[in-house]
Amino acid sequence: GARILEGESIRLDLKAGTPKIVVQDVYAAERPVETVRSASDDYRLDIFEGYFRVTDTLTGALVVAAEGYRPGFSPTSRFLHVFGDKASQFRVFDLHAETMVIDLDRAGAGGRGFFIQGLEWSAGDSFLMVTYAGEGAVGFKEMLFDRPYRYRGDRCGACNGDEAVV
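Each value, and the rule that gives it
Residues numbered from 1 in each chain as written. Predicted model: local features only at pLDDT ≥ 70, side-chain atom pairs only at ≥ 80, totals over all residues. Heavy atoms only, no water. Pairing = 2+ DSSP bridges. Helix = DSSP H or I, 4+ residues; strand = E, 2+ residues; numbered from the N terminus. Axes fitted to C-alpha atoms, helices over the stretch in contact; angles between N-to-C directions. 1 Å grid on protein atoms, 1.4 Å probe; cavity = no way out; pocket = protein on both sides within 12 Å on 5 of 7 lines; lining within 4 Å. Points joined across faces, edges and corners; volume = space filled by probe spheres on them. Nonpolar A, V, L, I, M, F, W, Y, C, P; charged D, E, K, R; others polar. pLDDT = per-residue confidence, 0-100. Contact = heavy atoms within 4.5 Å. Buried < 20%, exposed > 50% of the residue type's maximum accessible area, 1.4 Å probe, protein only. Patch = residues over 30% accessible without salt bridge, like charges linked within 9 Å, V, L, I, M, F, W, Y side chains within 5 Å. Areas by Shrake-Rupley, 256 points an atom, 1.4 Å probe, with all protein chains shown as cover. Salt bridge = Lys/Arg side-chain N within 4 Å of Asp/Glu carboxyl O. Lys, Arg positive; Asp, Glu negative; His and termini not counted. Charge placed at Lys NZ, Arg CZ, Asp CG, Glu CD.

Caption draft 1: Highlighting the sheet that holds strand E6 (residues 79-83). Here we have four strands laid out as an open sheet, ordered E5-E6-E7-E8, and antiparallel in their pairing. In the strand order of this sheet, the two ends are held by strand E5 (69-73) and strand E8 (99-105), each with one partner. Neighbour-to-neighbour, the strand axes of this sheet turn through a mean angle of 15°, independent of strand direction. One ladder, built from six bridges, connects strand E7 (residues 89-94) with E8; its direction is antiparallel. Bridge pairing in E8 links Asp-94 to Thr-99.

Caption draft 2: Local environment of the layout of surface pockets. Here the largest pocket is characterised by a volume of approximately 190 Å³. If you trace the largest pocket, you find 14 residues lining it, with Glu-67, Gly-84, Asp-85, Gln-89 and Arg-91 closest to the centre. Within the residue set of the lining of the largest pocket, elements represented by two or more residues are E6, E7 and E8. When grouped by side-chain class, the residues that make up the lining of the largest pocket number five nonpolar, four polar and five charged. The space that makes up the second largest pocket amounts to roughly 150 Å³. Classifying every residue of the lining of the second largest pocket by side-chain character gives five nonpolar, two polar and three charged.

Caption draft 3: A look at the sheet that holds strand E2 (residues 43-47). Ordered by their spatial adjacency, four strands build an open sheet running E1-E2-E3-E4, and the pairing between neighbours is antiparallel. Strand pairing shows two members of the sheet lacking a second neighbour, strand E1 (34-37) and strand E4 (62-67), which therefore form its edges. Put simply, the sheet's adjacent strands are angled 15° from each other on average, direction ignored. Judged from the four bridges that link them, E1 and E2 form a sheet pairing that is antiparallel. Note on E2: the bridge partner recorded for Thr-35 is Asp-46.

Caption draft 4: Highlighting the confidence of the model for the protein chain. Counting all residues, the mean pLDDT for the protein chain is 83, and 82% of those residues have values of 70 or more. Least confident of the elements in the protein chain is strand E12 (residues 150-152), whose mean pLDDT is 87; most confident is E2, at 97. A low-confidence stretch, residues 160-166 stays under pLDDT 50, and its non-local contacts, those more than four residues away or across chains, total eight contacts.

Caption draft 5: Quick peek at the environment of Ala-65. Following the sequence through the fold, Ala-65 ends up in strand E4. For Ala-65, a relative accessible area of 48% gives the class partly exposed. Expressed as a C-alpha distance, the spacing of Ala-65 and Asp-46, which sit 19 residues apart in the sequence, is 9.4 Å. In this structure, Ala-65 is in contact with Phe-52 and Arg-53, ignoring residues within four places of it in sequence.

Caption draft 6: Local environment of a negative patch on the surface. A grouping of Glu-67, Asp-85, Asp-103 and Asp-105 is seen on the molecular surface, where their side chains present a negatively charged patch. With respect to the helices and strands, the residue Asp-105 is situated in strand E8. Residue Asp-105 is classed as partly exposed on the basis of its relative accessible area, which comes to 45%.

Caption draft 7: Here's a closer look at the pairing of E7. With six of its six residues buried, E7 lies for the most part within the structure. Because side chains alternate across E7, one face comprises the buried residues Gln-89, Arg-91 and Phe-93, and the other comprises Phe-90, Val-92 and Asp-94, equally buried. Pairing geometry for E6 and E7, over five bridges, is antiparallel. Within the sheet, the bridge partner assigned to His-81 lies in E7 and is Val-92.

Structural data, given as structure tokens:
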């Protein structure tokens, strides 16, 4: 056949990772309330009352199982976000790396500046923006780089500069 693309060859040196033995119970004790397939079709999300399980659709391996509510996939399905039982608890899992990359647990934080109001993923999952109920607060995380989650709030929107209620 005809060559469509020609260029320099690329040499890659890959090292095997540390082997691990995984023992897991792949069967849930109860029937899920809802089952969702990721947009990439790489993962199956089983949602139960108060917890969830994500399995790899190719291998059947359990990727993550944890407590939480309203879990959802990012646009590329690489990440899964989930809320805790308080409006200020939020976690994000990197399903490819099988690690938690955001863990916000503002337990005891009574201010509305910590109550999560909305999420917005960028195309390609390059960043996640979190909006909060008060203080004009936003959170920002560059998802593909190992940088910290950034939070910024500008005080109470119902207060003046002296923090007195208007």
